[in-house]
Amino acid sequence: MSNYHIKHLEEYFQVYRKSVREPESFWEEIAEEHFVWRKKWDNVLDWDFTKPEIKWFKNAKLNITENCLDRHLPTRGDKTAILFEPNDPEEQTEHITYKQLHERVSRMANVFKDHGVQKGDRVCIYLPMIPELAVAVLACARIGAIHSVVFAGFSAIALATRINDSDCKLVVTSDGSYRGNKTINLKGIVDAALEDCPGVEHVLVVKRTGESIDIKKGRDKWLQPLLDKAYADCNAEIMDAEDPLFILYTSGSTGKPKGMVHTCAGYMVYTAYTFKNVFQYKEEDVYWCTADIGWITGHSYIVYGPLINGATTVMFEGVPSYPDYGRFWEVVEKHKINQFYTAPTAIRALAKENLSYVEKYDLSSLRVLGTVGEPINEEAWHWYNNNIGQKQSPIVDTWWQTETGGIMISPIPYVTPTTPTYATLPFIGIQPALMDEQGKEIKGNQVEGRLCIKFPWPSMARTIWGDHDRYRDTYFTAYQNNYFTGDGALRDAVGYYRITGRVDDVIIVSGHNLGTAPIEDSINEHPAVAESAIVGFPHDVKGNALYGFVILKETGESRDRDNLRKEINQQITEQIGPIAKLDKIQFVSGVPKTRSGKIMRRILRKIAGKDTENLGDISTLLNPEVVKEIMDNAL
Ligand code: WTA
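The model shown is predicted, which means the values in this text are computed figures rather than measured ones.

What counts and what doesn't
Residues numbered from 1 in each chain as written. Predicted model: local features only at pLDDT ≥ 70, side-chain atom pairs only at ≥ 80, totals over all residues. Heavy atoms only, no water. Helix = DSSP H or I, 4+ residues; strand = E, 2+ residues; numbered from the N terminus. Rg over C-alpha atoms; globule rule 2.2 N^0.38 Å. Buried < 20%, exposed > 50% of the residue type's maximum accessible area, 1.4 Å probe, protein only. Contact = heavy atoms within 4.5 Å. Areas by Shrake-Rupley, 256 points an atom, 1.4 Å probe, with all protein chains shown as cover. Lys, Arg positive; Asp, Glu negative; His and termini not counted. Charge placed at Lys NZ, Arg CZ, Asp CG, Glu CD. Polar contact = N/O pair within 3.5 Å; in protein donor to acceptor, adjacent residues only side chain to side chain. Near = heavy atom within 4 Å. Nonpolar A, V, L, I, M, F, W, Y, C, P; charged D, E, K, R; others polar. Phe/Tyr/Trp six-rings, centres within 6.5 Å; stacked < 30°, edge-to-face > 60°. Lys NZ or Arg CZ within 6 Å of the ring centre and 35° of its normal. Pairing = 2+ DSSP bridges. Right-handed = clockwise from strand over helix to strand, strands pointing away. Salt bridge = Lys/Arg side-chain N within 4 Å of Asp/Glu carboxyl O.

**Describing the overall build of the chain**
Turning to step 1, where the next piece is worked out: Scanning the chain for helices and strands turns up 20 helices and 31 strands.
Turning to step 2, where the next piece is worked out: A compact globule built from 635 residues would reach a C-alpha radius of gyration of about 26 Å, and the chain, at 24 Å, matches this within 12%.
Turning to step 3, where the next piece is worked out: With respect to the principal axes defined by its C-alpha atoms, the chain has extents near 75 × 65 × 55 Å.
Turning to step 4, where the next piece is worked out: Within the chain, the fraction of its 635 residues that count as buried is 62%.
Turning to step 5, where the next piece is worked out: Here the analysis covers contacts within the chain between residues at least 6 apart in sequence; of these, 71% occur between residues at least 24 apart.
Turning to step 6, where the next piece is worked out: Of the accessible surface of the chain, which amounts to about 24500 Å², a share of 46% is contributed by carbon and sulfur atoms.
Turning to step 7, where the next piece is worked out: Averaged over its 72 positive side-chain charges, the chain has a centre that lies 1 Å from the centre of its 85 negative ones.

This is the structure:
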């Protein structure tokens, strides 16, 4: 029997050692005992980080939805698979059983097929957090189509870029979406995006808000009537272990988003195994992850990980502040949530509000609290621990990435003793390494460096859609034979890891990864702007906020500065989305540059963070004189 469910620290160390010494036999046992395969693998792992090429469970055949749905039908058919909690607390909660989910997925899969979608085709899903989003994801997986979910907060231009990058032929969207007391016209955004997407043949529209929308003849159709007519069973396409399951875009250091490609078998095995252990999920539990399925957290730990384990997973459409700041806790009480997984930015926002919002509710069902997306500061950690967990529920600070597919460094609750702000120990099978700037591994404890992973794990992304060279260059060239994460970390005296933040050009704002390059590109398109540089600065709710240093063209000099600020943010909203708006914009005559012309962001970061005591040696700059000017006028 494999150690599928780890129960004490001794066992963790024992299993961890085995997973590192004999990774292949370790993962083979897990895969063999806990999943449904159409055909077993010939070889557990083939890998070469120089190419890079990674293949897990080579030549195995499977369909992940048989693991999420079909296999549960005999034993869990009437168990709630998805518990949908709408934006409006007055609207009824929807309980979708495994049987019903199986049927809904089958119908949608058949509708996709009727619209010409075949194995390997890409389908873009641009939906709010309603059950159809999970159903559409699974329906793609059912027929072997590759889903590309785009977070429904992205703008039309950002959506079009993603649709075109992976050449999606079908888009699933809704008329509108609810967010707190606002309604957003999603279909209008899709219409605008599709003006630049000639490859899209069909748009299927879910009715959610009932507002009036344009239906373009021949292209757009309401989904419900098609589902009603569709056959309620759909054979699962037999997939190869390494066939792509989905593409999910993440920001990088150039303007173009990276379409991370995840494949079927390894992703299935790893997300299921981590879900079981990191949340200590037990059969009767109700599990809630507040993320959006537009991000990797939602893919792995709302949809796939929980459903593979036959769990009850909550989908929440709303926001933490509507109708008031007690909404999360109201939902916890209402559904007797056992595992609650959220982001530090949400914790910080709620911690600012009156405690009576928490105290009104019975939170005694909670057994595990989780956090993800950015480093959690000590204050937020304690607030979460004291007030939500009432010091009874361990906090799992889970470090991982879109690229890693699943949780990589995290405590196992009731197993690993926790320390505030530490993600603690590597998960089973994960071999972290800290590197110095020369590319050498830093061994021993009480050290700090750049975080790499030395050995493949089953759910790692296999490539960037359409750009394998970029995949290699971004992740596998900085440190030979290692996957480079882009994060810094320290390892303390007992070997616990603490993630210190990004060391590249990505800034995490409210848990969303934002590359500086696409934002700068967008600003630079403004006719009055010559050049710009973006850095992050500390913000007490968002973690980081964005500070823009903008150089105007001569023709822009006479413009009203406040109007320009508004226009710049408007432009960013249109091209990327409101999450990328700048909190501060300072107009400058130049930005500090090295003699080779590279912007010295380190100096700008210090100025933006009001930490200018130790700027270091600036005399080697191309233009040291601008530093004083920028400091004198800093916002
Ligand atoms: C950051 C989210 C500190 C990190 C699953 C990483 C974290 C990036 C943590 C990936 C954590 C995620 N502590 N930092 N527990 N979890 N991060 O791709 O910088 O949206 O590289 O995946 O978030 O963000 P992504």
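On we go from here.
**Let's talk about the environment of Ile146**
Turning to step 1, where the next piece is worked out: Relative to the helices and strands, Ile146 resides in strand β7 (residues 146-149).
Turning to step 2, where the next piece is worked out: Here Ile146 falls in the buried class, since its relative accessible area comes to 3%.
Turning to step 3, where the next piece is worked out: In this structure the C-alpha to C-alpha distance between Ile146 and His262, which are 116 residues apart in sequence, comes to 9.5 Å.
Turning to step 4, where the next piece is worked out: Setting aside anything within four residues of it in sequence, one finds Ile146 in contact with Gly120, Asp121, Arg122, Val123, Pro244, Leu245, Phe246, Ile247 and Trp465.

**Some points on unusual backbone geometry**
Turning to step 1, where the next piece is worked out: A cis amide bond links Lys51 with the next residue in sequence, Pro52, at an omega value of -20 degrees.
Turning to step 2, where the next piece is worked out: Relative to the helices and strands, Pro52 is located in the loop between β1 (43-48) and β2 (53-58).
Turning to step 3, where the next piece is worked out: Between Tyr322 and Pro323 the backbone carries a cis peptide bond, its omega angle lying at -5 degrees.
Turning to step 4, where the next piece is worked out: Among the structural elements, Pro323 can be located in the loop between β17 (312-316) and α12 (327-335).
Turning to step 5, where the next piece is worked out: Unusually for a residue other than glycine, Phe57 sits at a positive phi of about 55 degrees.
Turning to step 6, where the next piece is worked out: Examined against the element boundaries, Phe57 turns out to sit in strand β2.
Turning to step 7, where the next piece is worked out: Positive phi, normally seen in glycine, also occurs at Lys391, with a value near 60 degrees.
Turning to step 8, where the next piece is worked out: Along the chain, Lys391 turns up in the loop between α15 (378-388) and β20 (395-397).

**So, the side chain of Arg208**
Turning to step 1, where the next piece is worked out: On the secondary structure map, Arg208 appears in the loop between β11 (202-206) and β12 (220-222).
Turning to step 2, where the next piece is worked out: Looking at Arg208, its side chain comes within polar contact range of the side chain of Glu91, at 3.2 Å.
Turning to step 3, where the next piece is worked out: Residues contacting Arg208, with those up to four places away along its chain left out, are Phe84, Pro86, Glu91, Ile130, Ser174, Asp175, Gly176, Tyr178 and Glu317.

**Notes on the site of the ligand**
Turning to step 1, where the next piece is worked out: Around the ligand, the structure places 17 residues, and the nearest of them are Asp397, Thr398, Thr402, Asp487 and Arg502.
Turning to step 2, where the next piece is worked out: Here a nitrogen atom of the ligand sits 3.4 Å away from a polar atom, N or O, in the main chain of Glu374.
Turning to step 3, where the next piece is worked out: Between the ligand and Pro375 there is a distance of 3.4 Å, counted from a nitrogen atom to a backbone nitrogen or oxygen.
Turning to step 4, where the next piece is worked out: About the coverage of the ligand: the protein hides 96% of its 520 Å² of free accessible area.
Turning to step 5, where the next piece is worked out: The class makeup of the residues in the shell around the ligand is 7 nonpolar, 6 polar and 4 charged.

**As for the packing of aromatic side chains**
Turning to step 1, where the next piece is worked out: In the structure shown here, the tally under the stated rule is 47 aromatic pairs.
Turning to step 2, where the next piece is worked out: Consider the rings of Tyr267 and Tyr304, whose centres lie 5.6 Å apart with planes at 90 degrees: the pair is edge-to-face. Of this pair, Tyr267 sits in helix α10 (residues 264-278) while Tyr304 sits in helix α11 (residues 296-308); the two residues are 37 residues apart in sequence, bridging distant segments of the chain.
Turning to step 3, where the next piece is worked out: Among the aromatic residues, ring-to-ring pairing joins Tyr4, Phe26, Trp27, Trp37, Trp41, Trp56, Phe57, Tyr270, Tyr273 and Phe427 into one connected group.
Turning to step 4, where the next piece is worked out: We note Lys207 situated over the ring of Trp222; from NZ or CZ to the ring centre the distance is 4.7 Å.
Turning to step 5, where the next piece is worked out: The positively charged end of Arg561 is found above the aromatic ring belonging to Phe587, 5.5 Å away from the centroid.

**As for helix α7 (residues 156-165)**
In an α-helix, one full turn covers 3.6 residues, which means residues spaced three or four apart are oriented alike.
Turning to step 1, where the next piece is worked out: Of all the 10 residues making up α7, 7 are buried; the element is thus mostly covered by neighbouring parts of the structure.
Turning to step 2, where the next piece is worked out: Along α7, the positions that sit buried rather than exposed are Ala156, Ala158, Leu159, Ala160, Arg162, Ile163 and Asp165.
Turning to step 3, where the next piece is worked out: Where α7 terminates, the next one or two residues include Asp167, which has phi positive at roughly 55 degrees.

**Some words on the pairing of strand β19 (residues 368-371)**
Turning to step 1, where the next piece is worked out: Taking every second residue as pointing to the same face, both faces of β19 are buried, with Val368 and Gly370 on one and Leu369 and Thr371 on the other.
Turning to step 2, where the next piece is worked out: Note: strand β18 (residues 339-342) against β19, 4 bridges, orientation parallel. Bridging across to β19, Thr342 finds its partner in Thr371.
Turning to step 3, where the next piece is worked out: Between the parallel pair β19 and β20, the chain is carried across by α15, and the sense of this crossover is right-handed.

**What to know about the pattern of salt bridges**
Turning to step 1, where the next piece is worked out: Counting across every chain of the model gives 45 salt bridges.
Turning to step 2, where the next piece is worked out: Its salt-bridge partner being Lys187, residue Asp191 comes within 2.7 Å of it at the nearest N-O pair. Of the two residues, Asp191 and Lys187 are both situated in helix α8 (residues 186-194); the distance of 4 residues between them amounts to about one turn of the helix.
Turning to step 3, where the next piece is worked out: By relative accessible area, which is 17% here, Asp191 ends up buried.
Turning to step 4, where the next piece is worked out: Under the relative-accessibility criterion, Lys187 is labelled buried at 0%.
Turning to step 5, where the next piece is worked out: One continuous salt-bridge network, built from bridges that share partners, spans Glu85, Arg327, Glu330 and Lys334.

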